[in-house]
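As a plain string of letters, each chain reads:
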Amino acid sequence: MTDAQMNGFDTLQVHAGTEPDPATGARQVPIYQTTSYVFKDADHAARLFNLEEVGYIYSRLTNPTVGALANRICALEGGAGAVCTSSGHAAQIMALYPLMEPGRNIVASTRLYGGTYTQFTQVFKRFGWSCTFVDFDDPAAVEAAIDDDTRALFCEAIANPGGVVTDLDAIAKVADKAGIPLVVDNTSASPYLCRPIEHGATLVVHSTTKYLTGNGTVTGGCIVDSGKFDWSASDKFPSLSQPEPAYHGITFHEALGPMAFTFHSIAIGLRDLGMTMNPQAAHYTLMGIETLSLRMAKHTENAQKVAEWLEAHDAVEKVTYAGLKSSPYYEIGKKICPRGTGGLFTVTLKGGYDTCVKLVNSLKLFSHVANLGDTRSLVIHSASTTHRQLTDEQREAAGAGNNVVRFSIGIEDPDDIIADLDQALKASA
Ligand SMILES: *Cc1c(COP(=O)(O)O)cnc(C)c1O
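Just so it is clear, the structure is predicted and the values come from calculations on it, not from any experiment.

What counts and how
- Residues numbered from 1 in each chain as written.
- Predicted model: local features only at pLDDT ≥ 70, side-chain atom pairs only at ≥ 80, totals over all residues.
- Heavy atoms only, no water.
- Helix = DSSP H or I, 4+ residues; strand = E, 2+ residues; numbered from the N terminus.
- Buried < 20%, exposed > 50% of the residue type's maximum accessible area, 1.4 Å probe, protein only.
- Contact = heavy atoms within 4.5 Å.
- Areas by Shrake-Rupley, 256 points an atom, 1.4 Å probe, with all protein chains shown as cover.
- Lys, Arg positive; Asp, Glu negative; His and termini not counted.
- Charge placed at Lys NZ, Arg CZ, Asp CG, Glu CD.
- Near = heavy atom within 4 Å.
- Polar contact = N/O pair within 3.5 Å; in protein donor to acceptor, adjacent residues only side chain to side chain.
- Pairing = 2+ DSSP bridges.
- Core = buried A, V, L, I, M, F, W, Y, C linked by side-chain atoms within 4.5 Å.
- Domains from an automatic or database assignment.
- Salt bridge = Lys/Arg side-chain N within 4 Å of Asp/Glu carboxyl O.
- UniProt positions renumbered as here; feature names shortened; annotations may be inferred.
- Bend = angle between axes of the 7 residues up to and from the residue.

Caption draft 1: Seen up close, the overall build of the protein chain. Check the secondary structure of the protein chain and you find 17 helices and 14 strands. A principal-axis box enclosing the C-alpha atoms of the protein chain has dimensions of 75 × 55 × 35 Å. Taken over 429 residues, the protein chain has a buried fraction of 54%. When contacts within the protein chain are restricted to residue pairs at least 6 apart in sequence, long-range pairs at least 24 apart make up 71% of them. On the protein chain, roughly 17900 Å² of surface is accessible, and the fraction owed to carbon and sulfur atoms is 52%. Of note, the protein chain has its 33 positive side-chain charges centred 4 Å away from the centre of its 47 negative side-chain charges.

Here's what the structure looks like:
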């Protein structure tokens, strides 16, 4: 059966992008632990280098194990092509690289993963890029922030922390009108809960480190291209619409149509930036992704139960989770993520900094780590860890106030998760 004949998500997550190994019949995708591939002859090598034939040259560019994972994620997101990267942050830089030049900017949501905020403010500066941050709940404000140098909009489908769900359809309309792509970080939702391309996204980026791998083993990233953006419609994207000097004058959009962005990301992005995923990492993620739907359904079901229990607890001031009726994002969550809004939420305690530290220290089932999207339940008190360099005011603005604790709910028995929280809340009271 080809990928195109498979419809169900559960089928695609097990089969898409792979077939029994043509050399050995191996049922599982082999780990092709090789850096290079023997050319059939000089002609074959020339065709590969000219992009006239698709094949393997060198593992900084392509590798069969990594390629299988890219094709699997592409199928789950409903894209035209995909490229894996060494981390989620690498995927973000790689996604923007073909679109940007010195002096250009992106308009991004104020609600972003902390590391992304740092990348967009600090690293961008050194590339001559800039970023304007806007509240993406307000599409008119997003539109107003776009200028002639804007080359992309960027947001997360489900933004963490804060239980925010972005109205991707509304933002995609703004991007369309401006003739620029919408890039969506779909890490917190995963394609099981949200498929941003169906809501108008041009590019989807992932930290595969999180739910796609699912068990906290390897870092990785992925860019999925919808294949729907017309890069030649304006002169804004010369790397894709005009002869590219970095690849002996090929015009990617003309030569490769809907695969232009993907081929550019391999032939130039991976070749020159080298943010390549290794085949071992791809193997772990392929293993994890086979159970994505089962895990996400359980993460979501557990998070809902735990969030409801916490919301009713005396020591708790507020739970921010779009699955709760009290959330301002409840309705939009139903529209963008009809199967639920995932396993992440933040809790504001009535106690302060010390109570939160005590809670984190008292939890036994939860692991205190700087990660999310693991099978295990995880917790972090941002104010004493990731956000400890900031002032109280800055923490508050980032949604990481002194009395806020972030949870990533695992797939354990929900009664055990609740029992652990119950004893820790008592201990920290
Ligand atoms: C973790 C994360 C990233 C960064 O991914 P890495 O794999 O750690 O580089 C980006 N966005 C979101 C939403 C994340 O959770």
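Caption draft 2: Region of interest: the site of the ligand. For the ligand, the set of nearby residues contains 14 residues, the closest of which are Gly88, Asp185, Ser207, Thr209 and Lys210. Between the ligand and the protein, one listed contact pairs an oxygen atom with a side-chain N or O atom of Thr209 at 2.7 Å. Measuring from an oxygen atom of the ligand, one finds a side-chain N or O atom of Lys210 at 2.7 Å. Protein contacts shield 92% of the accessible area of the ligand, which totals 380 Å² for the unbound molecule. Among the elements that line the shell around the ligand, the one with the most residues is helix 4 (residues 88-96), at three residues.

Caption draft 3: Molecular detail of the sheet that holds strand 14 (residues 404-408). An order of 10-11-14-13-12 is seen for the five strands of this open sheet, with the pairing classed as mixed. The open sheet terminates on both sides in strands that have one partner only, identified here as strand 10 (316-320) and strand 12 (367-368). Bridge count for strand 10 against strand 11 (residues 344-349) is four bridges, and the pairing is antiparallel. Bridge pairing in strand 11 links Lys318 to Thr348.

Caption draft 4: Layout of the nonpolar core. Leu96, Leu99, Ile106, Phe120, Leu153, Leu182 and Phe252 are the most contacted members of the largest nonpolar core, which has 97 residues in total. It is helix 3 (residues 64-77) that provides the largest number of residues to this core, a total of eight residues. The residues that make up this core include at least three from each of domain 1 (9-288) and domain 2 (292-428). Excluding residues that lie within four positions of it along the chain, Leu153 makes contacts with Val107, Phe136, Val142, Ile146, Ile171, Val174, Ala175, Ile180, Pro181, Leu182 and Val183. Val319, Leu324, Leu349 and Val360 belong to the second largest nonpolar core, which has 25 residues in total.

Caption draft 5: The arrangement of the pattern of salt bridges in detail. In the structure shown here, the tally under the stated rule is 13 salt bridges. Between Asp135 and Arg111 there is a salt bridge whose closest N-O contact spans 3.3 Å. Taken together, the residues Asp135 in the loop between strand 3 (130-134) and helix 6 (139-145) and Arg111 in the loop between strand 2 (105-109) and helix 5 (114-127) connect sequence positions 24 residues apart. A relative accessible area of 33% means that Asp135 is categorised as partly exposed. Take Arg111: its relative accessible area is 26%, and that puts it in the partly exposed class.

Caption draft 6: Structural context of the UniProt feature "modified residue: N6-(pyridoxal phosphate)lysine" (unreviewed entry) in the protein chain. Feature annotation in UniProt places "modified residue: N6-(pyridoxal phosphate)lysine" (unreviewed entry) on Lys210, given in this structure's numbering. The topology assignment puts Lys210 in the loop between strand 8 (203-207) and strand 9 (221-225). With residues up to four places along the chain from it excluded, the contact list for Lys210 reads Tyr113, Thr187, Asn371, Leu372 and Gly373.

Caption draft 7: Looking closely at helix 11 (residues 260-273). Of all the bends in helix 11, the greatest measures close to 30° and is centred on Ile266. The complete set of buried residues in helix 11 reads Ala260, Phe261, Thr262, Phe263, His264, Ser265, Ala267, Ile268, Gly269 and Leu270. Tucked inside the fold, the buried residues of helix 11 contact strand 1 (81-85), helix 4, strand 8, strand 9, helix 9 (238-241) and helix 10 (252-256). Trailing helix 11 by a residue or two, Gly274 shows a phi angle of about 70°, which is positive.

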